[in-house]
Amino acid sequence: MGARLLREWVTHPLREVAGIVARQDVIAKFCDEAHVLSEFREQLAGVRDMERTLARLSVGTGNARDLVAVKESLAALPKLRQSIAGVAKQGLLAELHRQVTELPALMELIGRAIEDVPPLAI
């Protein structure tokens, strides 16, 4: 996860100074707060490649394991959001903090509907 976004950033670099500075500010914040970066990385490990997973589910080629992956990713969001809460005062981190939306009802619905280790075939 993230490889497509990184490829996009490399092949289509920012041209506006404000956007470049905003990204540099995030990097500086993570360099200054190494424990926050470490915690963020640890929490991010629990989030699956949602773009790919949701694409499979939306076109009908997904399976029960993809739904479990969505549930597990949703379960990781509260701690992920909490890990950046202290440094998300302004800029891109604050925007990220605001955009991370916890969906406990969806997580609970998937948990009720799909067993934790479903078979590959439905």
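For clarity, every value in this text was computed on a predicted model and none was experimentally measured. (Residues numbered from 1 in each chain as written. Predicted model: local features only at pLDDT ≥ 70, side-chain atom pairs only at ≥ 80, totals over all residues. Heavy atoms only, no water.)

(A) Quick peek at the overall build of the protein. Of the regular secondary structure elements, the protein holds 7 helices and 0 strands. Moving toward the C terminus, one meets the helices and strands of the protein in the order α-α-α-α-α-α-α. Considered along the principal axes of its C-alpha atoms, the protein spans approximately 50 × 30 × 20 Å. When the 122 residues of the protein are sorted by exposure, 27% land in the buried category. (Helix = DSSP H or I, 4+ residues; strand = E, 2+ residues; numbered from the N terminus. Buried < 20%, exposed > 50% of the residue type's maximum accessible area, 1.4 Å probe, protein only.)

(B) Region of interest: the pattern of salt bridges. For the coordinates displayed, the defined rule picks out 6 salt bridges. With a closest N to O distance of 3.4 Å, Arg4 and Glu51 form a salt bridge. A residue pair is termed long-range when its members are at least 10 positions apart, and Arg4 in helix H1 (residues 3–11) and Glu51 in helix H4 (residues 50–58) qualify at 47 residues. You can call Glu51 exposed: its relative accessible area is 54%. (Salt bridge = Lys/Arg side-chain N within 4 Å of Asp/Glu carboxyl O.)

(C) Highlighting the nonpolar core. Phe30 and Leu93 are the most contacted members of the largest nonpolar core, which totals 20 residues. Counting residues per element, the ones that place at least two in this core are helix H2 (17–32), helix H3 (34–44) and helix H5 (64–85). The leading source of residues in this core is H5, at 8 residues. Leave out the neighbours within four places in its chain, and Leu93 touches Val26, Lys29, Phe30, Ile84, Val87 and Ala88. (Core = buried A, V, L, I, M, F, W, Y, C linked by side-chain atoms within 4.5 Å. Contact = heavy atoms within 4.5 Å.)

(D) Structural context of a nonpolar patch on the surface. On the surface, a nonpolar cluster with roughly 410 Å² of combined accessible area is contributed by Leu5, Leu6, Trp9 and Val10. In this structure, Val10 sits in helix H1. (Patch = residues over 30% accessible without salt bridge, like charges linked within 9 Å, V, L, I, M, F, W, Y side chains within 5 Å. Areas by Shrake-Rupley, 256 points an atom, 1.4 Å probe, with all protein chains shown as cover.)

(E) Focus on the environment of Ser83. Mapped onto the fold, Ser83 is located in helix H5. The exposure class assigned to Ser83 is buried, which follows from its relative accessible area of 6%. In this structure Ser83 touches Val36, Glu39, Phe40 and Gln43, once residues within four positions along its chain are discounted.

(F) Fine view of the packing of H2 against H3. It is the contact of H2 with H3, at a shortest axis distance of 4 Å, that shows an interaxial angle of 100°. As summarised for this structure, H2 and H3 are arranged roughly perpendicular, according to the angle between their axes. In this structure, H2 contributes Phe30, Cys31 and Asp32 to the contact, and H3 contributes Ala34, Val36, Leu37 and Phe40. Along the lines of polarity and charge, the residues of the contact of H2 with H3 split into 6 nonpolar, no polar and 1 charged. (Axes fitted to C-alpha atoms, helices over the stretch in contact; angles between N-to-C directions. Parallel < 35°, antiparallel > 145°, perpendicular 65-115°, else oblique. Nonpolar A, V, L, I, M, F, W, Y, C, P; charged D, E, K, R; others polar.)

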